[in-house]
Amino acid sequence: MNLFTDIRALVIENLTTMQDQGSLPDGLDFKNVAVEPPRDPLHGDMATNAAMVLAKPAKMKPRDIADKLAAMLADDPRVEVAEVAGPGFLNLRLATNIWHGVIGAALKDGADFGRSDMGAGKKVNVEFVSANPTGPLHIGHARGAVFGDALASLLDFAGHTVTREYYVNDGGAQVDVLARSAYERYREANGLQPEIAKGLYPGDYLLPIGQALKEKYGDSLIDQPESVWLDDLREFSTEAMMGMIREDLAALGVEMDVFYSEKSLYGTGLIEKALEELDAKGLIYQGTLPPPKGKPDAGWEPRLQTLFKSTEHGDDVDRPVKKSSGGWTYFAPDIAYHYDKVQRGFDLLIDVFGADHGGYVKRMKAAVSALSDGKVPLDVKLCQLVRLFKDGTPFKMSKRAGNFVTLREVVDLVGPDVARFVMLTRKNDAPLDFDLAKVLEQSKDNPVFYVQYASARIHSVLRKAVAAGIDVDMASLAKADLSLINHESELSVTKKLAEWPRLVEIAARTNEPHRVAFYLYELASEFHSLWNRGNDLPELRLLQEDNIDVTQAKIAHIVAVSIVISAGLAIVGVTPAEEMR
RNA sequence: GGUCCCAUAGCUCAACUGGAUAGAGCACCUGCCUUCUAAGCAGGGGGUUUCAGGUUCGAGUCCUGAUGGGAUCACCA
């Protein structure tokens, strides 16, 4: 149930009736009619802009439309008061039993409360992380991982069919470099001095690989030319790296549905096929690119290349798909990969990139647009970088990777729940400061704690209630007399609960899972506020030992809160706390 | 120089894809523990939403330009 869409439907219904009665002209577009919670609670529970939006096309005064509409809305039993305010807003105050219905719905639907069919089962592919298989994941990847995973969960909750996918860049030059780096560690394992030349990967995470290679090959590869061992070592170390990456992701609680190998695109004709597809649309040609504008042209020389006319689909310049040496550029298999996604029948593609790949967005969108004839949208979400701190000072060193902090280190330090929640305390396109000390702090400036504390308090009450012999099982709570929930402070919490289904849809429509984390903070705040009002007003305390009925109603109420917190945390990927330690 | 992202309270950030008097937290003041966890709550001060124009009933939000910060910039992935 989504109260806001229900009431919006009511508004539209009445507008249509007005048209039938001739008090509103026909042929109006109601698409911009919105029903929203007003910023200021004094304005009521909901507000609609219908009169203002329609005034101009209807050639009427907003006031006239609003007055009429208000009178009609007030006839509905759900609406207690409808009044015109400001320039033509229509403020609605809903009957109290509407809110009781929200509590009832939450209890009945449980974890599914707020689930939406907005997505109508559309197939969505969320590609995220997609880090090169040349080393462990770092903290920046962690953000992309959490963002992508939470977005996938969110879209699922909003009625989409979601595939979580990781594109493995195992086909380019960087995996050769990995193989060479591993070879040096292999030599080292055999008692030789490794020569980590410039350009090789220096991180000591390759030490175990060297050891494993020794166990596999003994000393048979020592002093052999690269041509002998390169293929084998590339295969071996890429697999080892992917194993490590999977473990890193698992530590964060991220599970991919598909690992899609770049290498698997070669030799299958898929790249050729994708480019033929573009060629058939007249988007492939031999040509030379103009020199970069304004940039000092140090070694610029014109080159004849195979180009994709990405400018036809919104890019700034056309992009090479083939090197002059004849091999594919990185872009070519990526085109094929996205072509494959389109072929697999996805209705929507989402790519989660680090902000340093921002320059890649336009050409990727151009490719998808061209390959799907504009039918499959690609939304690219960029995650800004993460800056690590400890007690306010920058935190840098890593034992294993040399110059970056690994995802694993952070997860080991703060735990997956904290790591995940913190990653969503900023919009994806805002930089994120991650303070390893502050995120573990148990105080209200730490949103992770604050939300968990609300959950823990609810469970604490449940334990006390059980100890007092009160039935708190769902069957008993379902029978509770919710009309006993009528204090302003209580209804304030309930109204926040009523926003949950709406928030899910907004967050899913904008592909912004951080909204869930912010909502949870607000809900927790409402709950803490109610809790503390019990200090002044004993009748607001949740356990009323002399009145079982009231107590059960109040417990039913906060269990509804707990249900929404759990549902929200499930999207974020965090386990709700039952007690704080 | 081109492109993309960003600019909101002293600080860190929200703001419902255009709504009413722009909201939280930190910090600063003032209150609240014989109480289901005070790890919290209530209240107060604090703003020309970087600047200049434009679009309209209405702009932090959309458009143009400027300024400042970040990312990126031909056969690297």
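Just so it is clear, the structure is predicted and the values come from calculations on it, not from any experiment. (Residues numbered from 1 in each chain as written. Chains lettered and ligands numbered in written order. Predicted model: local features only at pLDDT ≥ 70, side-chain atom pairs only at ≥ 80, totals over all residues. Heavy atoms only, no water.)

We now examine unusual backbone geometry. Even without a glycine there, the phi angle at Asp223 is positive, about 65°. Note on placement: Asp223 falls in the loop between helix H7 (207-217) and helix H8 (226-252). The class of Asp223 is exposed, set by a relative accessible area of 67%. The phi dihedral of Asp373 falls on the positive side, at around 55°, and the residue is not glycine. (Helix = DSSP H or I, 4+ residues; strand = E, 2+ residues; numbered from the N terminus. Buried < 20%, exposed > 50% of the residue type's maximum accessible area, 1.4 Å probe, protein only.)

What follows is about the packing of aromatic side chains. Per the stated rule, a full pass over the model turns up 14 aromatic pairs. Ring geometry for Phe308 and Phe331: centres 6.2 Å apart, planes at 40°, overall tilted. A residue pair is termed long-range when its members are at least 10 positions apart, and Phe308 in strand E9 (residues 305-308) and Phe331 in helix H10 (residues 331-343) qualify at 23 residues. Judged by relative accessible area, Phe308 falls into the buried class, the value being 0%. On the basis of relative accessible area, Phe331 is assigned to the buried category, the value being 4%. Taken together, the aromatic side chains of Phe308, Tyr330, Phe331, Phe353 and Tyr360 make up a single cluster linked through ring pairs. We note Lys123 situated over the ring of Phe346; from NZ or CZ to the ring centre the distance is 4.9 Å. (Phe/Tyr/Trp six-rings, centres within 6.5 Å; stacked < 30°, edge-to-face > 60°. Lys NZ or Arg CZ within 6 Å of the ring centre and 35° of its normal.)

Okay, the sheet that holds strand E6 (residues 161-168) next. Taken in spatial order, the five strands line up as E7-E6-E5-E11-E12 in an open sheet, and their pairing is parallel. Each edge of the open sheet carries a strand with a single partner, namely strand E7 (258-261) and strand E12 (378-383). Neighbour-to-neighbour, the strand axes of this sheet turn through a mean angle of 25°, independent of strand direction. Sheet topology note: the strand E5 (residues 123-127)/strand E11 (residues 348-354) ladder contains four bridges and is parallel. Residue pairing for E11: Val126 is matched across the bridge by Ile350. (Pairing = 2+ DSSP bridges. Axes fitted to C-alpha atoms, helices over the stretch in contact; angles between N-to-C directions.)

Next up on the list: the pattern of salt bridges. In total, this model carries 27 salt bridges according to the counting rule given. Taking the shortest distance from any N to any O, the salt bridge between Asp340 and Arg344 comes out at 3.1 Å. Arg344 sits in the partly exposed class, given a relative accessible area of 26%. Close ionic contact of Lys496 with Glu499 constitutes a salt bridge, the shortest N to O distance being 3.5 Å. With Lys496 and Glu499 both in helix H16 (residues 488-510), this residue pair falls three residues apart, about one helical turn. Lys496 gets classed as buried once you look at its relative accessible area, which sits at 12%. Among the charged side chains, a salt-bridge network with shared partners connects Asp112, Arg115 and Asp156. (Salt bridge = Lys/Arg side-chain N within 4 Å of Asp/Glu carboxyl O.)

Here the focus is the protein's contact with RNA strand B. Taken together, 68 residues lie around RNA strand B, and Arg303, Lys323, Ser324, Gln442 and Arg502 are the ones closest in. Restricting the count to atoms of RNA strand B within 4 Å of the protein gives a sugar and phosphate share of 60%. Lys427 is positioned such that a nitrogen or oxygen atom in its backbone is 3.2 Å from a phosphate oxygen of RNA strand B. Interatomic distance of 2.8 Å between a backbone N/O atom of Trp531 and a base nitrogen of RNA strand B. Tallying contributions element by element places helix H17 (residues 514-536) first for the surface near RNA strand B, with nine residues. When its residues are assigned to classes, the surface near RNA strand B shows 24 nonpolar, 21 polar and 23 charged. (Near = heavy atom within 4 Å. Polar contact = N/O pair within 3.5 Å; in protein donor to acceptor, adjacent residues only side chain to side chain. Nonpolar A, V, L, I, M, F, W, Y, C, P; charged D, E, K, R; others polar.)

This paragraph deals with the domain arrangement of chain A. As assigned here, chain A comprises domain 1 (3-94), domain 2 (173-252) and domain 3 (447-572). Computed over C-alpha atoms only, the centres of domain 1 and domain 2 are separated by 68 Å. (Domains from an automatic or database assignment.)

Spatial ordering of the open sheet is given by E14-E13-E15, a layout of three strands whose pairing is mixed. The strands lining the two open edges of the sheet, one partner per strand, are strand E14 (393-394) and strand E15 (432-435). Strands in contact with helix H13 (residues 416-423) are strand E13 (386-390) and E15; relative to E15, the strand with the most contacts, it is inclined by about 155°. (Contact = heavy atoms within 4.5 Å.)

Looking now at the layout of surface pockets. Size it by volume and the largest pocket reaches roughly 1,300 Å³. In terms of lining, the largest pocket is formed by 50 residues, of which the most central are Ala131, His138, His141, Asp356 and His357. When residues of the lining of the largest pocket are traced back to their parent elements, those giving at least two are helix H5 (139-157), helix H6 (173-189), E11 and E13. Here the lining of the largest pocket is composed, by residue class, of 25 nonpolar, 18 polar and seven charged. Each pocket or cavity is described by its volume, and for the second largest pocket that value is around 910 Å³. Together, 29 residues line the second largest pocket, and Pro37, Pro38, Lys495, Lys496 and Glu499 are the ones closest to its centre. Those elements giving two or more residues to the lining of the second largest pocket turn out to be strand E4 (89-94), helix H4 (96-109), H16 and H17. The greatest single-element share of the lining of the second largest pocket, amounting to nine residues, is contributed by H16. Looking at the lining of the second largest pocket residue by residue, the classes come out as 13 nonpolar, four polar and 12 charged. Here the lining of the second largest pocket gathers at least three residues from each of two domains, domain 1 (3-94) and domain 3 (447-572). (1 Å grid on protein atoms, 1.4 Å probe; cavity = no way out; pocket = protein on both sides within 12 Å on 5 of 7 lines; lining within 4 Å. Points joined across faces, edges and corners; volume = space filled by probe spheres on them.)

What follows is about the pairing of E4. The two faces of a sheet get side chains in turn, since along a regular strand they alternate between them. Examined bridge by bridge, strand E2 (residues 46-48) and E4 share three bridges and lie antiparallel to one another. Directly across from Met46, in E4, lies its bridge partner Leu92. Sheet topology note: the strand E3 (residues 79-85)/E4 ladder contains six bridges and is antiparallel. Looking across to E4, one finds that Val84 is bridged to Leu90. If you look at the hairpin formed by E3 and E4, you'll find three residues sitting between the two strands, and Gly86 has a positive phi there, around 55°.

Glancing now at the nonpolar core. Counting residues in each nonpolar core, the largest one holds 136 residues, and the members touching the most others are Leu15, Tyr166, Phe434 and Trp500. Those residues in contact with Phe434, other than ones at most four positions away along the chain, are Val386, Arg387, Leu388, Phe389, Val410, Val414, Ala419, Val422, Met423 and Val439. Core analysis: the second largest hydrophobic core is formed by 33 residues, Tyr260, Leu283, Phe346 and Leu349 among them. (Core = buried A, V, L, I, M, F, W, Y, C linked by side-chain atoms within 4.5 Å.)

Moving on, we get to the packing of H5 against H16. Between H5 and H16, the least distance of the axes is 9 Å, while the angle of their chain directions is 120°. With respect to H16, the axis of H5 lies oblique. Read as a crossing pair, H5 and H16 show a hand that is left-handed. Along the contact surface, H5 presents Leu154, Leu155 and Phe157, while H16 presents Trp500, Val504, Ala507 and Ala508. Here the contact of H5 with H16 is composed, by residue class, of seven nonpolar, no polar and no charged. (Parallel < 35°, antiparallel > 145°, perpendicular 65-115°, else oblique. Left-handed = near helix turned anticlockwise from the far one by under 90°.)

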